[in-house]
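# Observations on the model geometry
Letter by letter, the chains look like this.
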Amino acid sequence: MSQTTDNHEYYLSQIHQLKQLQKVDDQIYEVKKVLEFAPSEFKELQDNFTKVEMQRNHINDKISHLRDQESRINREMEEEKARLKKSKNKLMATGSEKEFHAVSREIDNIEKLSQPREDERIAVLDELKTQLEQLSGIEEQYIDLKTQVEARKATMESQIKEAEAKLAELSVQREACSKDIPLPIFQRYEFIRVRLEHPVIVPLAEGICPSCHIAVPPQTFNELLRGEHILSCPNCQRLIVWRDDYLADDPEAQKALAEEQERLRAAEAAEAEREPEPEEEFEAEEEAEEEAEAEDGPRLGAE
């Protein structure tokens, strides 16, 4: 009996060590998620900003081109006005009919060119107005994303620095937690940890693994209840222990479990009192039928 007790105490100490190791690994897992996802989240934000920035630059390029066109057209129109004024002055000074007709044709040509130029200027101004409206719509988004990128970059750098420091601290804690775990069990733990998602060690409240939801063979379950060796789920390979042994080092969890079990028992008792037993209900129905037949009997005889 003493040997069995010693074996169980040793078994409970192994569970405690594995739980402590898993707590550290859970923290390491969360820290690594920060180191993994923080840059990817920033990249997504940066990509959105880059996309909006390219759209903004494209619109600005079009606006710049349209302004150049507007300047060119205005310059050409001013030149045409000057030529027209010069030609009209020249017309006033003509000394012969031939020269008069020649200058008149020159004026007609200049005036014919002025209308298409004006149409081109209006079209450029309309397109310029459209592009400026689009720029106004995207400018607010551009400024907002730029602010977010700059702020997220600053917080991300600080976050990564803190995470790296925390990871180094946890690595030291992990080494301290794992040094007392027997090597074969630690190797099994590590084998599972690198291949499966957390957790590695799980408590069973019944004969079903809570991680893979597959029933544990009866022989394995009986051995689990004896509480002498760390076993593995035959399906997912996680380390499995009986719930009570898993909670042996946690009085608060034991108390919470006891309260929950008492609550369930009380609920079941209340339900049992509320609903009649099927057998009693059947007997009551039989009695009611017998009474009805007894009343009908004399009535039929009298008839």
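Residues numbered from 1 in each chain as written. Predicted model: local features only at pLDDT ≥ 70, side-chain atom pairs only at ≥ 80, totals over all residues. Heavy atoms only, no water.

Moving on, we come to the nonpolar core. Ile 15, Leu 18, Leu 224, Ile 230, Leu 239 and Ile 240 are the most contacted members of the largest nonpolar core, which has 30 residues in total. Of all the secondary structure elements, the ones that give two or more residues to this core are helix H1 (2–92), helix H3 (183–193), strand S1 (201–204), helix H4 (218–226) and strand S3 (239–242). Per element, the largest residue contribution to this core is five residues, and it comes from H1. Among all residues touching Ile 15, those that are not within four sequence positions of it are Ile 201, Ile 230, Val 241, Asp 245 and Tyr 246. (Core = buried A, V, L, I, M, F, W, Y, C linked by side-chain atoms within 4.5 Å. Buried < 20%, exposed > 50% of the residue type's maximum accessible area, 1.4 Å probe, protein only. Helix = DSSP H or I, 4+ residues; strand = E, 2+ residues; numbered from the N terminus. Contact = heavy atoms within 4.5 Å.)

Before going further, it helps to examine H3. Every buried residue of H3 is accounted for by Ile 185, Phe 186, Tyr 189, Glu 190 and Ile 192. Looking down the long axis of H3, one finds its buried residues gathered within 165° of arc, a one-sided arrangement. The exposed set on the far side of H3, more than 90 degrees from its buried face, consists of Leu 183 and Pro 184. (Arc of directions from axis to C-beta.)

To continue, consider the state of the cysteines. A covalent bond between the sulfur atoms of two cysteines is what we call a disulfide. Within this structure, the stated rule accounts for zero disulfides. Free cysteine Cys 209: the closest other cysteine sulfur is in Cys 212, separated by 3.7 Å. Residue Cys 209 is classed as buried on the basis of its relative accessible area, which comes to 0%. In this structure Cys 212 is a free cysteine whose sulfur lies 3.6 Å from that of Cys 233, the closest cysteine sulfur available. (Disulfide = S-S within 2.5 Å.)

The space that makes up the largest pocket amounts to roughly 160 Å³. Lining the largest pocket, in full, are Asp 25, Ile 28, Tyr 29, Lys 32, Arg 174, Arg 193, Leu 196, Glu 197 and His 198. The element best represented in the lining of the largest pocket is H1, accounting for four residues. (1 Å grid on protein atoms, 1.4 Å probe; cavity = no way out; pocket = protein on both sides within 12 Å on 5 of 7 lines; lining within 4 Å. Points joined across faces, edges and corners; volume = space filled by probe spheres on them.)

Between side chains of opposite charge, a pair can form as their charged atoms come close. A full pass over the atoms with the stated rule returns twelve salt bridges. With its nearest N and O atoms 3.0 Å apart, the salt bridge here joins Asp 47 to Lys 43. Here Lys 43 and Asp 47 lie together in helix H1, a separation of four residues that amounts to about one turn. Judged by relative accessible area, Asp 47 falls into the partly exposed class, the value being 38%. In this structure, Arg 72 engages Glu 120 in a salt bridge whose closest nitrogen and oxygen atoms are separated by 2.9 Å. Linking Arg 72 in helix H1 with Glu 120 in helix H2 (residues 97–178), this pair joins segments that are 48 residues apart in sequence. (Salt bridge = Lys/Arg side-chain N within 4 Å of Asp/Glu carboxyl O.)

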